[in-house]
Amino acid sequence: GTTNAYTTINVPSESTVTWSVTPNPGYAFTSFHVVDPSWDTPYTGTPSGSFTASEPQYEVYAVVDPATYTVTFDATTNGGTLSGSSSKTVTYNSTYGALPTATKTGNTFSGWFTSASGGTQITSESTVSITSNQTLYAQFSVVMVPIDVIFNSNATVTVNGIDYTGTTNAYTTINVPSESTVT
């Protein structure tokens, strides 16, 4: 965890000292410590509290650790199927680590993104900078396959509503999405 620097406070004996800790974004409260020359008392569970001073001088410090968040993987919004776990826990300011994959017939998996369309790509090496839970969306690229259109005579050939005109023994290559019906 990340430990804040010690701070020395001077207080009258038998006075009540109140404290609170507000972690920076991406960090979570772990504990608050009150130290005098003979002991170290940790206060955990809540980021605020109080104690009664029995000595005139104390050192105090807070411990905050990088926060953890849940990342959910959504492959279905764009028509895919998830291959792996549907969620994982990530730690602020660390990398995402291993990510699942996704499949979609006639497509290649492009990666995980912060939106269903567009957005920022997140990889296993991306640094976690979120400060709340997150959903990542699988995006895909259509696989294009080439089809040769061959003309055996002077004619017009129509493929998927597009006319191709050629001469005897001429051909052209068109690209169509895989898994599509060519008419």
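Shown above is the structure to which this text applies.
Residues numbered from 1 in each chain as written. Predicted model: local features only at pLDDT ≥ 70, side-chain atom pairs only at ≥ 80, totals over all residues. Heavy atoms only, no water.

Quick notes on the overall build of the protein
Defined as follows: Helix and strand definitions follow DSSP, with helices as H or I runs of at least four residues and strands as E runs of at least two, each counted in order from the N terminus. Any residue under 20% of the maximum accessible area for its type is buried, any over 50% is exposed, and the rest in between are partly exposed; the area is computed with a 1.4 Å probe on protein chains only. By definition in these notes, contact holds between two residues if any of their heavy atoms fall within 4.5 Å. Residue-level accessible areas treat just the shown protein chains as cover; the underlying method is Shrake-Rupley with a 1.4 Å probe.
Along the protein, the regular secondary structure elements total zero helices and 18 strands. Every one of the 183 residues in the protein was classed for burial, and the buried ones make up 31%. A fraction of 61% describes how many contacts in the protein between residues 6 or more apart in sequence connect residues 24 or more apart. Total accessible area on the protein stands at roughly 10500 Å², and carbon and sulfur atoms take up 48% of it.

Examining the side chain of N107
Quick reminder of the rule: Whenever two N or O atoms come within 3.5 Å, that pair is a polar contact, provided that in protein one can donate a hydrogen and the other can accept it, and provided that, for residues adjacent in sequence, both atoms are side-chain atoms.
Locating N107 in the fold gives a position in strand β12 (residues 107-113). Within polar-contact distance, the side chain of N107 engages the backbone oxygen of T105 at 2.9 Å. A distance of 3.5 Å separates a polar atom in the side chain of N107 from the backbone nitrogen of V142. Residues contacting N107, with those up to four places away along its chain left out, are F140, S141, V142 and V143.

Notes on the environment of V71
Tracing the chain through its elements places V71 in strand β8 (residues 68-74). When the C-alpha atoms of V71 and S87 are compared, they prove to be 5.4 Å apart, with 16 residues separating the residues in sequence. With residues near it in sequence (within four places) discarded, V71 still touches S86, S87, K88, V90, Y96, I130, Q134 and L136.

Focus on the sheet that holds strand β13 (residues 121-122)
Test applied: Strand pairing requires that DSSP identify at least two bridges connecting the strands.
Across the sheet, five strands lie side by side as β10-β8-β14-β12-β13; this open sheet has mixed pairing. Every other strand in the sheet has two partners, leaving β10 (87-91) and β13 as the edge strands with one partner each. The pairing of β8 with β10 spans five bridges and is antiparallel. Bridged to Y69 within β10 is V90.

Examining the side chain of S126
Within the fold, S126 resides in the loop between β13 and β14 (134-142). Within the structure, S126 has its side chain in polar contact with the backbone nitrogen of T123 (distance 2.9 Å). Sequence-distant contacts of S126, defined by excluding residues within four places in its chain, comprise S94, T95, Y96 and Q121.

Describing the packing of aromatic side chains
Keep this limit in mind: Working definition: a ring pair exists when centres of Phe, Tyr or Trp rings (six-membered ring for Trp) sit within 6.5 Å. Plane angles under 30 degrees give stacked, over 60 give edge-to-face, the rest tilted.
Under the definition given, this model contains four aromatic pairs. With centroids separated by 5.3 Å and ring planes inclined at 70°, the aromatic side chains of Y27 and Y92 adopt a geometry described as edge-to-face. On the criterion of sequence distance, the pair formed by Y27 in strand β4 (residues 27-36) and Y92 in the loop between β10 and β11 (101-103) is long-range, its members being 65 residues apart. The exposure class assigned to Y27 is partly exposed, which follows from its relative accessible area of 26%. Of the residues examined, Y92 reaches a relative accessible area of 16% and is grouped as buried. Taking 6.1 Å as the distance between ring centres and 55° as the angle between the ring planes, the aromatic pair formed by F109 and F140 counts as tilted. Placement of the pair is F109 in strand β12 and F140 in strand β14, with a sequence separation of 31 residues. On the basis of relative accessibility, which here comes to 15%, the residue F140 falls in the buried class. Among the aromatic residues, ring-to-ring pairing joins F73, F109, W112 and F140 into one connected group.

Notes on unusual backbone geometry
Although it is not a glycine, N93 adopts a positive phi angle of roughly 70°. Topologically, N93 is positioned in the loop between β10 and β11. Classification of N93 by relative accessible area gives exposed; the value is 51%.

A look at the environment of S15
As for its placement among the helices and strands, S15 is situated in the loop between β2 (7-10) and β3 (16-20). Looking at S15, the relative accessible area reads 18%, which means it is buried. Separated by 40 residues in sequence, S15 and E55 place their C-alpha atoms 9.4 Å apart. Here S15 is in contact with F51, T52 and A53, once residues within four sequence places are set aside.

The quantities given are spatial measurements derived from coordinates; they are silent on function.
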